[in-house]
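# Remarks on the overall topology
Chain by chain, the residues run as shown.
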Amino acid sequence: QACAFDVPIPKTRLCTERLRWDEPFPCVVKPRVGSGSRGVYVIAEPSALASVPKNGKNLIQEFLPGEEYSVDLYIGKSGAIHAAVPRLRLKVDAGVVLTSRTIFEEDVILQACMVAQLLNLRGVANILFRRDHRRVPKLLEVHPRFASAMSLTVQSGVNIPLMAIDDLFGNPPRPGIQAFQEIGMVRTLQETYVAADE
């Protein structure tokens, strides 16, 4: 709501007994509180909406079929933005990104910077967007914290954790938004076997 006048957001309603959803289907049901995409599911038909609890603990939201972006930002103490690195979330399992790539998408970067300014964010932030059927990036979530795939942003040439530490100790980042490389990442499970007595 704080960003709705300046940034495209998906149509969203609180799921209570007074819910009226006149938007097209499919739509998305998501908990107001949670993590790791737990409890998020898609409803294909209006009849399925009746089974969603109307206790105010869920949101009904416009279904966005396009690419999902996670933007890592660093905002200095003065409000200047020093980093804005979009990552395409290509494969996700339980909210954890398994396959991703940094990508220069100017409209996504501009929207992320606008959200940071509207919310008066400082320090590290992670902002999620997803494109709608017209390819407009719409704001999904704002996380004032390090993202789990921050290592990809660091590997692309923008070391946000180091920026934060330097800034904390009185050495602010240089002016302007730092450039980054477009690179990809694949996370794999690696097993290591050791002797029992080790």
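Heads up: the structure comes first, above all this text.
Residues numbered from 1 in each chain as written. Predicted model: local features only at pLDDT ≥ 70, side-chain atom pairs only at ≥ 80, totals over all residues. Heavy atoms only, no water.

### Digging into the nonpolar core
Convention followed: The criterion is simple. A nonpolar core is a set of buried Ala, Val, Leu, Ile, Met, Phe, Trp, Tyr and Cys residues joined through side-chain atoms within 4.5 Å. Here the term buried applies to any residue with accessible area under 20% of the maximum for its type, exposed to any over 50%, and partly exposed to those in between, with areas from a 1.4 Å probe on protein chains only. Note on conventions: DSSP H or I runs of at least 4 residues are helices, E runs of at least 2 residues are strands, and numbering of each starts at the N terminus. Contacts are assigned to residue pairs with any non-hydrogen atoms lying within 4.5 Å of each other.
Formed by 30 residues in total, the largest nonpolar core has its most connected members in Leu-73 and Phe-129. Breaking this core down by element, the ones donating at least two residues are β5 (68-75), β6 (81-93), α1 (106-118), β8 (123-131) and α3 (160-168). Excluding anything up to four places from it in sequence, Leu-73 contacts Ile-81, Ala-83, Ala-84, Ala-112, Cys-113, Ala-116, Gly-123, Val-124, Ala-125, Ile-127 and Ile-160. Counting nine residues, the second largest nonpolar core, distinct from the first, contains Cys-15, Leu-19, Trp-21 and Ile-43.

### Re unusual backbone geometry
One can expect most non-glycine residues to show negative phi and most peptide bonds to be in trans. The residue after Phe-25, namely Pro-26, is reached through a cis peptide bond having omega 5°. Structurally, Pro-26 is set in the loop between β1 (12-16) and β2 (27-31). Not every positive phi belongs to a glycine, and Asn-120 is a case in point at roughly 55°. Checked against the element boundaries, Asn-120 lands in the loop between α1 and β8. Judged by relative accessible area, which is 52%, Asn-120 ranks as exposed. The residue Arg-135 is not glycine, and still its phi comes out positive at about 70°.

### Some remarks on α3
Put simply, the rule reads: Along the arc lie the directions from the helix axis toward the C-beta atoms. Under the rule applied, a polar contact is a pair of N or O atoms within 3.5 Å (in protein, one hydrogen donor and one hydrogen acceptor; residues adjacent in sequence only if both atoms are side-chain atoms).
Looking at α3, one finds that the buried residues are Ile-160, Met-163 and Asp-167. Buried residues in α3, looked at end-on, bunch into an arc of 50°, giving them a common side. Looking at the buried residues of α3, the elements they touch are β5, β6, β8 and α2 (150-155). Structurally, the start of α3 carries an N-cap: the backbone nitrogen of Leu-162 is 3.1 Å from a side-chain oxygen of Asn-159. Among the residues trailing α3, Gly-170 stands out with phi positive, at a value near 85°.

### Side note on the environment of Cys-27
Considering the arrangement of structural elements, one finds Cys-27 in strand β2. In contact with Cys-27, not counting residues within four places along its chain, are Trp-21, Tyr-41, Val-42, Ile-43, Ile-60, Gln-61 and Phe-63.

### So, the pattern of salt bridges
Oppositely charged side chains can form a pair if their charged atoms are brought close together. For the record, the criterion: In the sections that follow, a salt bridge refers to a side-chain nitrogen of Lys or Arg positioned within 4 Å of a carboxyl oxygen of Asp or Glu.
Under the definition given, this model contains 13 salt bridges. Across the pair Glu-105 and Arg-131 runs a salt bridge, and its minimum N-O distance is 3.3 Å. A residue pair is termed long-range when its members are at least 10 positions apart, and Glu-105 in the loop between β7 (96-102) and α1 and Arg-131 in strand β8 qualify at 26 residues. Considered together, Glu-105 and Arg-131 belong to a single accessibility category, that of buried residues.

### Here's the deal with a nonpolar patch on the surface
Basically, it comes down to this: The patches reported here contain residues having more than 30% relative accessible area and no salt bridge. Joining distances are 9 Å for like charges and 5 Å for nonpolar side chains (Val, Leu, Ile, Met, Phe, Trp, Tyr). Under the convention used here, a 1.4 Å probe and the Shrake-Rupley method define accessible areas, while residue burial counts only the protein chains that appear.
Together, Leu-162, Ile-165, Leu-168 and Phe-169 make up an exposed nonpolar region whose accessible area comes to about 460 Å². Tracing the backbone through its elements, the reader meets Phe-169 in the loop between α3 and β10 (184-186).

### Description of α1
It helps to recall that an α-helix has 3.6 residues per turn; residues three or four apart then point in one direction. How we decide: Take the number of residues in a helix, subtract one, and multiply by 1.5 Å to get its expected span.
Relative to the 18 Å expected for 13 residues at 1.5 Å per residue, α1 spans 18 Å between its end C-alpha atoms, a close match to the ideal helical length. All of the buried residues along α1 are Val-108, Ile-109, Gln-111, Ala-112, Cys-113, Val-115 and Ala-116. Elements in contact with the buried residues of α1: β5, β6, β8 and β9 (137-143). Just past α1, the residue Asn-120 takes up positive phi, approximately 55°.

### Topic: the environment of Glu-105
Judged by relative accessible area, which is 18%, Glu-105 ranks as buried. Here the alpha-carbon distance between Glu-105 and Pro-46, two residues 59 residues apart in the chain, equals 35 Å.

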